[in-house]
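Structure assessment
The lines below spell out each chain.
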Amino acid sequence: MSPLKISWKSIWSKPLSSVLNIILIAFGTGILTILLLASKQISDKLENNSKDIDLVVGAKGSPLQLILSSIYYIDFPTGNIPLKEAQELARSPFVKKAVPLALGDNYNGVRIVGTDSNFVGIYKLKVKEGKFWQSDFETTIGSSIAKNQKLKIGDTFYGAHGLTGSTDIHKTHAYKVAGILTPQGNVTDNLILTNISSVWKMHDHEEKEEHDHDSKHKEKEAPEIQNKEITSLLIQYRSPMSVVMFPRMVNESTNMQAASPAQESTRLFSLIGIGVDTLQWFALLIMFIAAISVFVNLYNSLKERSYDLAIMRTLGASRAKLFLIVITEGIMLTLAGTIIGIALGHLALEFIGSNQESSQARLTGLILLGDEAYLFAAGLAIGIFASIIPAVQAYRSNISKILSKN
Amino acid sequence: MIALNAVAHNYENGHKIGFKDWQVDDGSQWLLLGASGSGKTTLLHILTGILKPRQGSVVINGTSIYDLSSKHLDQFRGRNIGIIFQRPHLIKSLTIKENLVMAQSFANLPTNLNRVQEVLASLGIADKKDAYPSELSQGQLQRVSIARAVINRPTLLIADEPTSSLDDKNAAAVLELLIDQSGINQATLIVATHDKRVKDAFTNTYELS
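Since this is a predicted model, take the numbers as computed values, not measurements. (Residues numbered from 1 in each chain as written. Chains lettered and ligands numbered in written order. Predicted model: local features only at pLDDT ≥ 70, side-chain atom pairs only at ≥ 80, totals over all residues.)

What follows is about the UniProt feature "domain: MacB-like periplasmic core" (unreviewed entry) in chain A. With numbering matched to this structure, UniProt assigns "domain: MacB-like periplasmic core" (unreviewed entry) to residues 18–200 of chain A. Structurally, residues 18–200 of chain A comprises 37% helix and 27% strand, and the distance from its first C-alpha atom to its last is 65 Å. (UniProt positions renumbered as here; feature names shortened; annotations may be inferred. Helix = DSSP H or I, 4+ residues; strand = E, 2+ residues; numbered from the N terminus.)

What follows is the structure, encoded as structure tokens:
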């Protein structure tokens, strides 16, 4: 009979306190697992979505809001900018690529984005089925939307005014699904893409209802576009030099603002980071309490078991074996807690993710990170920390004294 | 053969106690008599290698046990000495069978379930082998503790007040079992007691004064 089995049976002989210890440790590890997974996914997403975009130009207001609305599609836009001014900026020598965005409508909470073919280039989009949008009211939809909203090529749907809610539906024009994107692993999985003039027409239908059926005319309406407005402009720099010059130029010489996704994402993450830090300390506190609980449990049971351990010595067990039996018990408890905690953390995050409203930042618990090995190591360390003193006591115990007491 | 040579011990409170020399022949059965506080338990602990005396030596089958390292002494004890305590201390989290198997493995002997079965059968408790200690009566537990003491066929079987917590009927039964088992396993038997009911069964006595 190995020391392992003796420890195992000992744990099972006092199920209540063992379960309490396991729960405490599982709780602490669970919270740490969730934090680890969530912060990793959030920072990955922040990075992934703004990968090739150096700057966003939009109406004056909060730069963070501009980034949130134009890169992550979560907040409201800061306002509109004149298309004419945006086009002037796009022609600037500092700019390699400029992508106009026109936001304003949604379909069941999914944002409809009016943009042009540069959007495809900057996000390196590919279609899985169908084609990219070309004429007005043709859309290309993200892979997640096709799945969640059960849309397929040729389906039609009505957009609703605003970024959420479906009370004010634009009944005059129906969008048509022309293509479905391959999954990109970023925000474009959850967008409906169309051209800018579709978005405009959706809102200006009163004025131009007569022209609507005359599609040939629309292609050549360039002069009319001059007094139109868009939401923002995504910009890719031509050279590193632009980083210094371009934002200042925009901020000083126009009444628009320039915001850097990298900068604002870092700022955003540092804001979230405070919450993450607090929770992390909380989880560590729980782990610490768990460690003390395991320690007290082992220490108390050692008092009861000192006679048992002395008997084991009389049966031929060495001091080292008793040490091993006690420390194995502590490590088994904490390791069980750690494994359960990691599993619970994954489950909880998957549950949170499946209940999330915002599809743009959906979290999943179904990934495994290398960093979780550290949690494992921490569980092991806590087990050793909590059981080392009882184990040393078992090692040192004077069996003659214990046996003669009875 | 067991020999006690010029053994003396100091208690922590400074009290000194000396023991007269003692030769125990193989297979003999001895009674260790003495009033409470006369050093009975101390002598038993010295004999079994649990308590190292201040001076003197204990030689069991040619091995001076206090010259062994702690680890080897533990193993020597596990293989050669079976101890029965006043109260049958079994490991509560293990079944009767597991308690006996544990005694085999602590002595670094291979698990031998036939031996477990044989010993339990000879003590009339073979049907209890999968029960836990809490499910057994005091008398049955004392039998198990005898089984645990003889499982590794020790050369020396030592019992410390094995009958004092038992009624007349059980005391007689346990004593008979002890004598039987020492015979079956060819072990030398030493029973320490102040229980008058036990005296008649022994011819050899070592008296503490």
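Here the focus is the domain arrangement of chain A. Entries for chain A in the domain assignment read domain 1 (3–46 + 268–405) and domain 2 (55–259). Centre-to-centre, using C-alpha coordinates, domain 1 of chain A lies 50 Å away from domain 2 of chain A. (Domains from an automatic or database assignment.)

In this assembly, 26 residues from chain B lie in contact with 22 residues from chain A. Taken together, the elements giving at least two residues each to the side of chain B that touches chain A come down to α1 (40–47), α2 (70–80) and α3 (96–106) of chain B. In terms of residue count, the dominant contributor to the side of chain B that touches chain A is α2 of chain B (7 residues). Of the residues assigned to the side of chain B that touches chain A, the class counts are 10 nonpolar, 9 polar and 7 charged. (Contact = placed C-beta atoms within 7 Å. Nonpolar A, V, L, I, M, F, W, Y, C, P; charged D, E, K, R; others polar.)

The next thing to look at is the sheet that holds strand β8 (residues 156–160) of chain B. Residues and elements named next belong to chain B. What the 5 strands build is an open sheet, ordered β7-β8-β9-β4-β10; its pairing is parallel. The open sheet has two edge strands with one neighbour each: β7 (81–84) and β10 (204–207). Sheet twist, expressed as the average angle between the axes of neighbouring strands with direction ignored, equals 20°. Judged from the 4 bridges that link them, strand β4 (residues 29–33) and β10 form a sheet pairing that is parallel. Of the residues in β10, the one forming a bridge with Leu31 is Thr205. Of the strands in this sheet, β4, β8 and β9 (188–193) touch α1, which is tilted by about 155° from β8. The strands touched by helix α6 (residues 168–184) within the sheet are β4, β8 and β9, with β9 carrying the most contacts at an inclination of about 160°. (Pairing = 2+ DSSP bridges. Axes fitted to C-alpha atoms, helices over the stretch in contact; angles between N-to-C directions.)

Before going further, it helps to examine the environment of Ala391 of chain A. Tracing the backbone through its elements, the reader meets Ala391 of chain A in helix α13 (residues 372–396). Sequence spacing of Ala391 of chain A and Ile327 of chain A is 64 residues, and the spatial spacing of their C-alpha atoms is 5.6 Å.

Looking now at α6 of chain B. Residues and elements named next belong to chain B. Across its 17 residues, α6 extends 24 Å between first and last C-alpha, which sits within 8% of the 24 Å expected from 1.5 Å per residue. Within α6 the residues assigned to the buried category are Ala171, Val174, Leu175, Leu177, Leu178, Gln181 and Ser182. Taken end-on, α6 shows its buried residues confined to a sector of 160°, consistent with a single buried face. More than 90 degrees from the buried face of α6, the exposed residues found are Asp168, Lys169, Glu176 and Gly183. At the C-terminal side of α6, Gln186 shows a positive phi close to 50°. (Expected span 1.5 Å × (residues − 1). Buried ≥ 20, exposed ≤ 12 C-beta atoms within 10 Å, placed from the backbone. Arc of directions from axis to C-beta.)

Turning next to the confidence of the model for chain B. Residue and element names in this part refer to chain B. Taken as a whole, chain B shows an average pLDDT of 89; of its residues, 100% reach a score of 70 or greater. Of all the helices and strands in chain B, helix α7 (residues 196–199) carries the lowest mean pLDDT, 82, while α3 carries the highest, 94. Here the predicted complex carries an ipTM of 0.89, next to a pTM of 0.73. (pLDDT = per-residue confidence, 0-100.)

Attention now moves to the packing of α3 of chain B against helix α5 (residues 138–150) of chain B. Residue and element names in this part refer to chain B. Two elements in contact, α3 and α5, have axes whose closest approach is 9 Å; the angle formed by their N-to-C orientations is 25°. Compared by their axis directions, α3 and α5 come out roughly parallel. In the crossing of α3 with α5, the sense of the turn from one axis to the other is right-handed. Contact residues: α3 offers Ile96, Asn99, Leu100 and Ala103, while α5 offers Val144, Ala147 and Arg148. In terms of residue class, the contact of α3 with α5 is made up of 5 nonpolar, 1 polar and 1 charged. (Parallel < 35°, antiparallel > 145°, perpendicular 65-115°, else oblique. Left-handed = near helix turned anticlockwise from the far one by under 90°.)

Within the largest apolar cluster, 103 residues are counted, with the highest numbers of intra-cluster contacts made by Val326 of chain A together with Ile158 and Val191 of chain B. By residue number, the principal contributor to this core is helix α11 (residues 261–314) of chain A, which donates 12 residues. When neighbours within four sequence positions are excluded, Val191 of chain B is seen to be in contact with Leu31, Leu32, Ala159, Pro162, Leu178 and Val198 of chain B. Counting residues in hydrophobic clusters, the runner-up holds 53 residues, among them Leu68, Ala98, Tyr123 and Val250 of chain A. (Core = buried A, V, L, I, M, F, W, Y, C linked by C-beta atoms within 7 Å.)

Residues and elements named next belong to chain B. Of all the 5 residues making up β8, 5 are buried; the element is thus mostly covered by neighbouring parts of the structure. Here β8 shows no split at all, with Leu156, Ile158 and Asp160 on one side and Leu157 and Ala159 on the other all buried. One ladder, built from 4 bridges, connects β7 with β8; its direction is parallel. In the strand pairing of β8, Ile84 is matched with Ala159. As paired elements, β8 and β9 share 5 bridges and run parallel to each other. Bridge pairing links Asp160 to Ala192 in β9. Regarding the hand of the β-α-β motif, the stretch spanning β8, α6 and β9 is right-handed. (Right-handed = clockwise from strand over helix to strand, strands pointing away.)

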